[in-house]
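Reading the structure
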Amino acid sequence: MAVNNNKLVLLTFAICRLIVTVGLTVVPELLDVGLQGRLSVDTWELEAASVDFGRLSRGEPSEVVHPATAEDVARVVKAAFESPFAVSARGHGHSINGQAMIKEKKGVVIEMGKSDSGEDGSSIRVSEKGMYVDVWGGKLWIDVLSATLEYGLAPMSWTDYLYLSVGGTLSNAGISGQTFNHGPQITNVYELDVVTGKGELVTCSEDRNSELFHAVLGGLGQFGIITRARIALEPAPHRVRWIRVLYSNFARFCKDQEYLISLHGKAARERFDYVEGFVIVDEGLINNWRSSFFSASNPVKITSLNADGGVLYCLEITKNYDQGNADSVDEEIQALLKKLNFIPTSVFTTDLPYVDFLDRVHKAELKLRSKGLWDVPHPWLNLFVPKSRIGDFDKGVFKGILGNKTSGPILIYPMNKNKWDQRSSVVTPEEDVFYLVAFLRSALDTETLEYLTNQNRQILKFCHDIEIKVKQYLPHYTTQQEWMDHFGDKWPQFNARKMQFDPRRILATGQQIFQFHP
Ligand code: FAD
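From a predicted model like this one, the values you see are computed outputs, not experimental measurements.

Rules behind the numbers
Residues numbered from 1 in each chain as written. Predicted model: local features only at pLDDT ≥ 70, side-chain atom pairs only at ≥ 80, totals over all residues. Near = placed C-beta within 6 Å. Helix = DSSP H or I, 4+ residues; strand = E, 2+ residues; numbered from the N terminus. Nonpolar A, V, L, I, M, F, W, Y, C, P; charged D, E, K, R; others polar. Domains from an automatic or database assignment. Contact = placed C-beta atoms within 7 Å. Axes fitted to C-alpha atoms, helices over the stretch in contact; angles between N-to-C directions. Parallel < 35°, antiparallel > 145°, perpendicular 65-115°, else oblique. Left-handed = near helix turned anticlockwise from the far one by under 90°. Pairing = 2+ DSSP bridges. Buried ≥ 20, exposed ≤ 12 C-beta atoms within 10 Å, placed from the backbone. pLDDT = per-residue confidence, 0-100.

1. Focus on the site of the ligand
Around the ligand, a shell composed of 36 residues is seen, among which Gly91, His94, Ser165, Gly167 and Gly168 lie nearest. Within the residue set of the shell around the ligand, elements represented by two or more residues are β3 (86-90), α6 (166-170) and β10 (224-235). Classifying every residue of the shell around the ligand gives 13 nonpolar, 20 polar and three charged.

Below you can see the structure in the form of structure tokens.
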């Protein structure tokens, strides 16, 4: 009897929900497409899709869809193509400037990360023989890592933070300290299933529908929605030696970083596995939220290290190891460190499991969350700076515009352009080596937000004025002219691909690249 009552309650709930959905839906076309997943106009769900990590803008969709399958995604996009209305895939909403939002009155967010289907739960399939993993586009990288580790395998190229979706990072590039050696994440994809802007579900790779494949990688969501990605794997290392050393001289710091990335392609014992770095200008103390490396009980004083112009540079490197090379890892590290020119007393080393290293930023996230400091505005700015001008950037920005208050980490590390496939949609500076400079700052009040936003503008203006040809990573522009300038020579191809794969310009309108006219 109790069971029957429960069933009745559930049925009534489902009917009520359906009535509410039907009553409130702004896109009636979606009611007939035969979704296996769920269509929602729930206030809470609309609100969740209206904000992102940046917390700088809002954009409320009229509906949210939780697809059960790739066919569901195709059904929604097909309806949008025929109607038309705007559709944005949302990975984990970790964009800064509303890139996954819908700003139009009538438009749908497809929540790729929160699929209701059983299929999604088991949608990570590892092929040990093929050394690849097939994953649903909305899966988070942390889940991909957990699944592949069961086979002793792992992807090769990462982002610093793993609570990002596969489709979201592949729509940008996906970079971290492994990029110098393996290329960005988009260089490590064998195959994709993509729903184009016409609602067609297409499998693509280098050899099959290759134009779509290259368009989608780094394509800012403009050409299709990635429902499956086949990602290359390697045997997963067990542990990581994680080392930080300090520099007070920027030229030496860059020379060493550039030397280390020139070792790409060498045998693993002759290079580091990860090369990053960051700039320290804050208040005389090294206090980086991204790790507890320099602990509060043992702070490192910048003044004690003779920082040049109050600024220090920290090189961050790692060496992976397992039983096979546990005995020789120290020797290998020493041989590499010997060639570098850091402050001799400034070597900080830690040793940890591979997973803990990859998941390091999540620990910082939990700490910040516990203090209420995570869900705050993030006026982030990510720039690719050509190698030949990084010294000018240092003088003008790190030792100039920034002052001595940064409000968050500032990363700096170089990459090799030859690891980036020029056929993808991403744009990078023209030189063989370019740096990522990432200002990852938080604003706890409106005054700081204004200050940091203004400072970002000053940095861009400075680069423009002295002709440092930077490219924004995770770019944000609001006019088509700015986008044309961003893409430069690649614009005609980008535009032509848009006309081919999303001719009604319904996809990812939150990027503000193309105007959508209903
Ligand atoms: P969303 O923000 O949800 O979406 C981003 C764009 O991709 C939108 O235009 C959306 O429509 C589109 N999109 C989403 N899913 C799909 C799909 N399946 N198919 C097609 N288009 C899709 N990036 C790095 O490269 N390296 C880092 O180390 C790094 N660290 C980060 C750390 C933090 C704490 C945060 C917040 C971000 C970081 N990022 C990093 C940036 C990150 O790569 C981007 O935010 C990226 O957009 C992924 O986030 P997401 O999965 O939440 O995508």
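And the narrative resumes.
2. Regarding the domain arrangement of the protein
Each assigned domain of the protein is listed with its residue range as follows: domain 1 (118-236) and domain 2 (239-472). Of note, the centres of domain 1 and domain 2, computed from C-alpha atoms alone, are 25 Å apart. Listed by partner, the interface residues are 26 residues for domain 1 and 24 residues for domain 2. Among the secondary structure elements, those contributing two or more residues to the side of domain 1 that touches domain 2 are α5 (141-149), α7 (179-182) and α8 (210-216). For the side of domain 1 that touches domain 2, the class distribution of residues is 15 nonpolar, 10 polar and one charged.

3. Describing the packing of helix α13 (residues 390-401) against helix α14 (residues 446-465)
Taken N-terminus to C-terminus, the directions of α13 and α14 make an angle of 160 degrees; their axes are 10 Å apart at the nearest point. Considered as vectors, α13 and α14 are oriented roughly antiparallel to each other. At the point where α13 passes α14, the crossing takes the right-handed sense. Along the contact surface, α13 presents Gly396, Val397 and Ile401, while α14 presents Gln455, Gln458, Ile459 and Phe462. Looking at side-chain class alone, the contact of α13 with α14 contains four nonpolar, three polar and no charged residues.

4. Notes on the sheet that holds strand β2 (residues 63-66)
On the basis of which strands lie adjacent, the open sheet formed by four strands has the order β1-β2-β4-β3 and mixed pairing. If you trace the sheet from one side to the other, it starts and ends with β1 (38-40) and β3, each paired once. Taking the axes of each pair of neighbouring strands and ignoring which way they run, one obtains an average angle of 25 degrees across the sheet. As paired elements, β3 and strand β4 (residues 107-111) share five bridges and run parallel to each other. Paired with Ala86 across the bridge in β4 is Gly107. Docked against the sheet, helix α3 (residues 70-82) engages β2, β3 and β4, running at close to 165 degrees with respect to β4.

5. Some thoughts on unusual backbone geometry
With an omega dihedral of -10 degrees, the bond running from Ser83 to Pro84 counts as a cis peptide bond. For Arg55, which is not a glycine, the phi torsion comes out positive at approximately 50 degrees. Here Arg55 lies in the loop between α2 (43-48) and β2. Of note in this structure, Ala508 is not a glycine but carries a positive phi near 45 degrees. Along the chain, Ala508 turns up in the segment after α16 (491-501). With 29 C-beta atoms counted inside 10 Å, the residue Ala508 sits in the buried group.

6. Remarks on the confidence of the model for the protein
Here the protein averages 91 in pLDDT, and 88% of its residues register 70 or above. Interface scoring of the predicted complex returns ipTM 0.99; its pTM is 0.93.

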